[in-house]
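# Structural overview for review
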Amino acid sequence: MERTELKDDSSGEMTVFIPSETKNLKDQDSCVKFSDEKEDEEDEREHWTRGLDFILSLIGYAVGVSNLWRFPYLALRNGGGAFLIPYFFFLFMCGIPLFYLEVCLGQFSGISSMFVWKLCPAFKGIGYGMVIVSGMACIYYNAVLSWVIYYLINSFYPDLPWASCDHWWNTKCCVDRRVQGNQTDNTTESIFTQTAQCNDTSKLKTAAEEFWQYNVLRKSTGLDDFGEIQVHSAMCLLAAWILVCLCLVKGVKSLGKVVYVTALLPYLLLTIFLIRGLMLPGALEGIRFYVTPDFEKLKSLTVWVEACVQVFYSLGPAWGGLITMASFNKFNNKCFRDVMIASMADGLTSFYGGFVIFAVVGFMAKESNVSVSEVATQGPGLALVAYPEAIARLPVPQLWSVLFFIMLLSLGLDSQFGMFETVVAGLIDAFPRQLKKKRVWLTFGIAMISFTVSLPVATNAGIYVFTLLDWFVAAFCVMVTSLIECIVIAWIYGVDRFCEDIEMMIGRKPNYFMQTCWAVITPIIMLVAFIFTCVKYTLPVYDKYIFPLHANIIGFIISFLPLLPIPLCMAYVIYHRGGSFSQRLCSSFQPDADWGPAPKHLRDEYQLKLEKHRHRPHWFIALFKRIKL
């Protein structure tokens, strides 16, 4: 090894000779530093290309097919226009605060819903539960998309197959309402002939209803008779999963482009349908029936709870999708503006969609010589039976049918994106080095596994499987999770600390109204809604089919499955902490050392500030102090 020599030159300055090995070490250090910087760049989380991408993704996530087939029916059943009073009350008191809380949580941490709960390690199970419930919902929700795709394909036939009773799936009890709506002496005789061929008039069904029951579903007698996998259902289900994969194959980069179509196209089509619907005879009667206020209904607690539940499930907090999508935001994004735009868009879209639906329902009622209440239904029956039947009576029905089912497909895809991305992003955050560069394969792999698991929905008993999952998956766990979420943020982590985090992001704290909602109002509302839901809960029924006992037991197990990680993770975290039990308990409710803002250059300063909170009173002591104040 060469020695370092010091030599005086003629100028009087000292020249330093550095050994070659030392130079090499310096070069290596610089290479290591460059390598670390490069690695940090690779590990940096991707962001939305534009702020509008995120807003449209939020709108698409919140606005789904239920806005068209559930909200109008609830408004009709619960006071018409008067239903808007409790709906918008709970939107501002419950929906927007929860929406804003999750968006802030995701944007501040830059982490998906699975790992964002490092802010309170004892409740890490919340993140796992969110991924589980989103994964289960993805599996059965794509069944809706598969039905829509099948209807869309059939919309290109010269004659719409749900318009008449002369197909292989039709029975002797099929009634063509197009004939019934234009009664003359001859057609009255025709209807009498149709009815006479049916041995049981209680089994009379319209052509659209028989297409749904005996062609699309080809349903069996119940869960005890699964039958076979229906090729048409399985292929449409596969097509739905491929669509989801193609839209999410590059994460937010591809999703940010897709939402410009899937989020905006439904509004254009809704407007076209509204204009066309208003031209139909009986449309104004349907709309009048929809918006006529019945303020007496507001005296019922049921109306208020149903409004609260509709707001909650429509906006979609506690599923993990909001946290995940917000985690791709830039740290200083003005997220409150985005939250207000998306949440108001959801509420107003529901109301706007009601005009579109009931304009057509009023037309159907007039054509069929029945009241609007007899035609109005909820759930898939409205979107896949009543509306297609009305479309069959319009001029150029194929055009309107194609437009309608493209609109439903766009609405359904947007909601599916948020849930599926929650699962994918959660796994990538769990194994970043192994999976981040293999996102394409991971996306298709999860989709194919989900497709395989969801094949029972494509059997003859598929509608019963779908109903059971739809009834139980989010029955209890989502409400419980949102309640725990509020308690953790407001009382354990601390609403004051959370507001400081938000101030670090956007430059100002949330107002006192929002803080009060997080700490008191929203948790109380969610608790009351949960208790009322449990008390009034009814077992699932589909088309008068009563599910067997073992099916309901499986359903309840499914409903509580996403909640299991919460106590299990809490026990695991407390057990693996050091010190006495009380020390373990206290440390389990304090943020992990790696918790902090998404930008790495802010972490050191944040950790110093976090240390000041390490010796704060235990959470229940703080709780009692707050109550005393």
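Residues numbered from 1 in each chain as written. Predicted model: local features only at pLDDT ≥ 70, side-chain atom pairs only at ≥ 80, totals over all residues. Heavy atoms only, no water.

What counts, and what does not: UniProt positions are given in the numbering used here, feature names are shortened, and annotations may be inferred rather than shown by experiment.
Naming follows an unreviewed UniProt entry, where the chain appears as Transporter of Biomphalaria pfeifferi. As its UniProt record puts it under Sequence similarities (unreviewed entry), the chain is described as follows: "Belongs to the sodium:neurotransmitter symporter (SNF) (TC 2.A.22) family."

## Some points on the environment of Ser343
Short version of the rule: Secondary structure elements follow DSSP: runs of H or I no shorter than four residues count as helices, runs of E no shorter than two count as strands, and numbering proceeds from the N terminus. Residue exposure (1.4 Å probe, protein chains only): buried if accessible area is under 20% of the type maximum, exposed if over 50%, otherwise partly exposed. Residue contacts are defined here by distance: any two heavy atoms, one from each residue, within 4.5 Å place the two residues in contact. Pairs of N or O atoms within 3.5 Å make up the polar contacts considered here, provided that, within protein, one atom can donate a hydrogen while the other can accept it, and that residues adjacent in sequence are counted only when both atoms are side-chain atoms.
Examined against the element boundaries, Ser343 turns out to sit in helix 16 (residues 335-368). The exposure class assigned to Ser343 is buried, which follows from its relative accessible area of 0%. The contacts of Ser343, once residues within four sequence positions are left out, are Leu91, Ile96 and Leu315. Polar contacts involving the side chain of Ser343 include one to the main-chain carbonyl oxygen of Met340, which spans 3.4 Å.

## Overview of helix 24 (residues 512-536)
To keep it simple, the criterion reads: By this rule, a helix spans an expected 1.5 Å times one less than how many residues it contains. By definition, a residue's bend is the angle between the axes fitted to the seven residues ending there and the seven starting there.
Taking 1.5 Å of rise per residue, the 25 residues of helix 24 would be expected to cover 36 Å, and the 34 Å separating its terminal C-alpha atoms lies within 8% of that figure. At Trp518, helix 24 shows its maximal kink, close to 50°. When helix 24 is considered as a whole, its buried residues turn out to be Met514, Gln515, Cys517, Trp518, Ala519, Thr522, Pro523, Ile525, Met526, Ala529, Phe532 and Thr533. In this structure, the buried residues of helix 24 make contact with helix 5 (84-109), helix 14 (301-315), helix 16 and helix 23 (477-506). The residue sitting at the N-terminus of helix 24 and contributing the capping side-chain oxygen is Asn511; that oxygen lies 3.2 Å from the backbone nitrogen of Phe513.

## Brief notes about the UniProt feature "binding site: Na(+)" (unreviewed entry) in the chain
According to UniProt, the "binding site: Na(+)" (unreviewed entry) feature falls on Gly60, Ala62, Val63, Asn67, Ser314, Leu411, Asp414 and Ser415. A compact arrangement is adopted by the annotated residues: their sequence extent is 356 residues, whereas the largest C-alpha distance between any two is 12.7 Å. The residues contacting Asn67, other than those within four sequence positions of it, are Ala62, Pro72, Ser314, Asp346 and Ser350. Among the polar contacts listed, one links the side chain of Asn67 to the backbone nitrogen of Gly64, at a separation of 2.9 Å. Position of Leu411 among the secondary structure elements: in helix 19 (residues 397-430). In this structure Leu411 comes out as buried when scored by relative accessible area, which is 6%. Excluding residues that lie within four positions of it along the chain, Leu411 makes contacts with Val63, Gly64, Val65, Leu68, Tyr141 and Pro266.

## A short note on the packing of helix 6 (residues 125-154) against helix 9 (residues 207-217)
Put simply, the rule reads: To obtain an axis, a line is fitted to C-alpha atoms, over the contacting stretch when the element is a helix, and the angle between two such axes runs from 0 to 180 degrees between their N-to-C directions. Under this scheme an angle from 65 to 115 degrees is roughly perpendicular, one under 35 degrees roughly parallel, and one over 145 degrees roughly antiparallel; angles in between are oblique. Gly is put with the polar residues, along with every residue not named as nonpolar or charged; the nonpolar set is Ala, Val, Leu, Ile, Met, Phe, Trp, Tyr, Cys and Pro, and the charged set is Asp, Glu, Lys and Arg.
Interaxial distance between helix 6 and helix 9 falls to 12 Å at its minimum, and their mutual angle equals 105°. Classified by the interaxial angle, the pair formed by helix 6 and helix 9 is roughly perpendicular. Together, Trp147, Tyr150, Tyr151 and Asn154 of helix 6 and Phe211, Trp212, Asn215, Val216 and Leu217 of helix 9 make up the contact between the two elements. Here the residues of the contact of helix 6 with helix 9 sort into 7 nonpolar, 2 polar and no charged.

## Side note on the nonpolar core
Threshold: We call a set of buried Ala, Val, Leu, Ile, Met, Phe, Trp, Tyr and Cys residues a nonpolar core when their side-chain atoms join them within 4.5 Å.
In this structure, Trp117, Phe123, Trp147 and Trp212 are the most contacted members of the largest nonpolar core, which totals 200 residues. At 19 residues, the largest contribution of residues to this core is made by helix 23.

## Points about the packing of aromatic side chains
For the record, the criterion: Working definition: a ring pair exists when centres of Phe, Tyr or Trp rings (six-membered ring for Trp) sit within 6.5 Å. Plane angles under 30 degrees give stacked, over 60 give edge-to-face, the rest tilted. Charge-over-ring contacts are defined here by two conditions on Lys NZ or Arg CZ: a distance within 6 Å of the ring centre and an angle within 35 degrees of the ring normal.
Tallying each qualifying case throughout the model produces 51 aromatic pairs. Through successive ring pairs, a cluster of aromatic residues spans Tyr150, Tyr151, Trp162, Trp168, Trp169, Phe211, Phe273, Tyr387, Trp400, Phe404 and Phe405. One residue, Arg497, lies across the ring of Tyr493, its end atom 4.7 Å from the ring centre.

## With respect to the packing of helix 22 (residues 462-472) against helix 25 (residues 549-560)
Here is the rule: Left-handed describes a crossing whose near helix is turned anticlockwise from the far helix by less than a right angle; the clockwise case is right-handed.
Running from N to C, helix 22 and helix 25 cross one another at 40°; their axes reach a closest spacing of 9 Å. Considering the angle they form, helix 22 stands oblique to helix 25. Handedness of the crossing formed by helix 22 with helix 25: right-handed. Across from Leu468, Leu469 and Phe472 in helix 22, the residues of helix 25 making contact are Ala551, Asn552, Gly555, Phe556, Ile558 and Ser559.

## Observations concerning a positive patch on the surface
Worth spelling out the cut-off: Patch definition: residues above 30% relative accessible area lacking any salt bridge, with like charges linked at up to 9 Å and the nonpolar side chains Val, Leu, Ile, Met, Phe, Trp and Tyr linked at up to 5 Å. Here, Shrake-Rupley sampling with a 1.4 Å probe gives the accessible areas, and only protein chains in the shown set may cover a residue. Think of a salt bridge as a Lys or Arg side-chain nitrogen and an Asp or Glu carboxyl oxygen that are within 4 Å of each other. Just so you know, the count uses Lys and Arg for positive and Asp and Glu for negative, and it drops His and the chain ends. The location of each charge is read from NZ of Lys, CZ of Arg, CG of Asp or CD of Glu.
Taken together, the side chains of Lys250, Lys253, Lys257 and Lys330 present a region of like positive charge at the surface. The residue Lys253 is located in helix 11 (residues 252-262) in this model.

## Notes on a nonpolar patch on the surface
On the surface, Ile242, Leu246 and Met448 cluster together to form a nonpolar patch covering roughly 250 Å² of accessible area. As for its position among the elements, Ile242 is in helix 10 (residues 231-248). For Ile242, a relative accessible area of 35% corresponds to the partly exposed category.

## Description of the side chain of Asp501
Note on placement: Asp501 falls in helix 23. Engagement of the side chain of Asp501 in a polar contact is seen with the side chain of Tyr493, the distance being 2.4 Å. Once residues lying within four places of it in the same chain are set aside, the contact partners of Asp501 are Phe108, Tyr493, Tyr606 and Lys609.

## Describing the state of the cysteines
Here a disulfide denotes a covalent bond joining the sulfur atom of one cysteine to the sulfur atom of another. Note the threshold: In what follows, a disulfide is any cysteine sulfur pair within 2.5 Å.
Counted according to the given criterion, the structure contains 1 disulfide. The side chain of Cys165 participates in a disulfide bridge whose partner is Cys174; the two sulfur atoms lie 2.0 Å from each other. On the sign convention where negative means left-handed, the S-S torsion of about -70° between Cys165 and Cys174 marks this disulfide as left-handed. Cysteine Cys94 remains unbridged, with the sulfur of Cys308 as its closest cysteine sulfur at 4.6 Å. With no disulfide partner, Cys499 has as its closest neighbouring cysteine sulfur the one in Cys104, 9.0 Å distant.

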